[in-house]
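Notes for the structure review
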Amino acid sequence: MKKLLLAIFMVAALPVAAQKGTSGDNHAFEVSKNMEIFTDIYKYLDLMYVDTLNANEVIGNGINAMLKSLDPYTEYYPENKVADLKQLLTGKYAGVGAIVRLNNQNHYIIIDEPYEGMPAALAGLKKGDEILSIDDSSMVGKDVQYVSDHLRGDPGTSFLIKIRRPSTGKTMKFKIVRKSVQMPFLPYYGMQANGIAYMNLSSFTDQCSKDVRRVFIDFRKQGAKGLILDLRNNGGGSLQEAVNIINMFVPKDMTLVKTIGKLKQANHDYKTTVEPIDTVMPIIVLVNGNTASASEITCGSLQDLDRAVILGTRTYGKGLVQMPVDIAYNGQLKLTTAKYYIPSGRCIQAINYKHANGGYTEHVPDSLTHVFHTLHGRIVRDGGGIQPDVVLEPDSLPNIAFYLAAGRDSNEVLLNYELDYIARHPAIASPDKFQLSDADYEDFKQRVLKCHFTYDHETENYLKNLEKLAKFEGYYNDAQPEFTALEKKLKHNVAKDLDFNKAAIKNLIENDIVTAYYYQRGGIENAIHTDKQMAAAMKLIQNPTEYKKLLQPKKK
């Protein structure tokens, strides 16, 4: 591939006249012409422009503008950003293993969530700790990216971090040794009620299929009667790992994915290579709009082969394949080289990328998609991600809960309540059993009211916009009494909103607290017990008649 790309650029570097005279390839001529124009423009800018140019910035902007006219996945990584690409491809980075965020009340960067077994957690850092300094550098007043960059470094290097713990007011120092951090790809799995196994797969990182295989075999030993595979918010990763996981459930020598690109080297068929573990156990795959790439290969292939029922909302729709290419001066290009096609023959890319008019994008309308058929003859379509067999929207977060979680107007009442609760409780119940009492919630409610918490009330905003429109069209004067009456009924009432949305807000607080004690695995285990899509999957997988019916073609 590198030799081929080098040959292309050597041809492009020939003088325009030479190419024009020796080749009838108009495309090669246009490439060479435009590269020469670009070089001439920059040469004169650098020589004559009134100010001294920063070559990295000016040419870098030109490169990024060129790539922006293509798909959103083709990206250039200069030498100082190559580590970001490696983390994207492998799920690994060197650091302390913790999520940090801004405390909107006091503007310190705080530890929000340490990862289990990683340096931050092992050293004793906890949720809410305010980061004061790293070695001799003050972190006060710095942004999240600045602090995050200082927490990262080469594996094995150490640093001193000074923090203040809000629950005690004490300032403490910790020595932390950075290590290679692997983002958890199987953050939680476990047997649920009635012998149903649940597995949350968060990414398709290298070697993840080995752990998925091990966990599934253990489920079978425990007598699992069905599997719920949760791919919600899984943005993908290794195509080969996806094929390995699908191979656990479908026969050997089946073509799962075809990649087709401009160059012959980009064309490849991915087949199952070993005998499966289980071809009959009922499987339900949970998906949403953030299920993408390798996740869509997995759920799409299982759907095309009628091996699983897909439940949730339409997936993202990424049907493009990328490969890293080495660039001069230690840079790398993540380059889209092919499209992938799943067993039915469909490509699920949701967006058309047009190059003739400057690189605009458009979503493929349903009317332009094509019909394909699954192994049993069910109708499926291309052009828009994977449409679930059972479409079910999740519970939405109430507006007030969103603003409480975000720290509205420098008001961190939710965070402060959670930190106080954690300080008062050295231990809590297991993730599947933990609940806030009604008294706990009443305490939280009173804190919110005392701090004069406010947030944008969407119904009031819609009413104001309707008033503007009525005035513009001349209807307001006649309808003014109705507007006044409606305004009184929709008047902002935080206490009422806290009562009306009690269940959702309680779930939010409970999940945050559980995560602080039991890390990400505990948070997921806690959340699935109030998850509408999970409940529907549990009900369906225990109904063999309905499950099998969904995998058969609809009768005409």
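Under the annotation held in an unreviewed UniProt entry, the protein carries the name S41 family peptidase and is attributed to Segatella cerevisiae.

**What about helix 7 (residues 144-151)?**
In an α-helix, one full turn covers 3.6 residues, which means residues spaced three or four apart are oriented alike. Among the residues making up helix 7, those that are buried are Val 147, Ser 148 and Leu 151. For helix 7, the angular spread of the buried residues around the axis is 100°, confining them to a single face. In this fold, the buried residues of helix 7 make contact with strand 2 (92-95), strand 3 (98-102), strand 4 (109-114), strand 5 (130-134) and strand 7 (158-165).

**Some points on the packing of aromatic side chains**
According to the stated counting rule, one finds 10 aromatic pairs in the structure shown. Between Tyr 417 and Tyr 421 the ring centres are 6.3 Å apart and the planes differ by 40°, which places this aromatic pair in the tilted class. Within this pair, Tyr 417 and its partner Tyr 421 are both found in helix 12 (residues 413-424), separated by four residues, close to a single helical turn. Of the two residues, Tyr 417 and Tyr 421, both sit in the buried class. For the cation-ring pair, Lys 43 lies above Tyr 44, with the distance from its terminal atom to the ring centre recorded as 5.5 Å. Taking the ring centre of Tyr 476 as reference, the NZ or CZ of Lys 471 above it sits at 4.8 Å.

**Thoughts on the side chain of Thr 369**
Note on placement: Thr 369 falls in the loop between strand 20 (361-363) and strand 21 (371-373). At a separation of 3.2 Å, a polar atom in the side chain of Thr 369 contacts the side chain of Arg 381.

Thresholds, definitions, all that
- Residues numbered from 1 in each chain as written.
- Predicted model: local features only at pLDDT ≥ 70, side-chain atom pairs only at ≥ 80, totals over all residues.
- Heavy atoms only, no water.
- Buried < 20%, exposed > 50% of the residue type's maximum accessible area, 1.4 Å probe, protein only.
- Helix = DSSP H or I, 4+ residues; strand = E, 2+ residues; numbered from the N terminus.
- Arc of directions from axis to C-beta.
- Contact = heavy atoms within 4.5 Å.
- Phe/Tyr/Trp six-rings, centres within 6.5 Å; stacked < 30°, edge-to-face > 60°.
- Lys NZ or Arg CZ within 6 Å of the ring centre and 35° of its normal.
- Polar contact = N/O pair within 3.5 Å; in protein donor to acceptor, adjacent residues only side chain to side chain.

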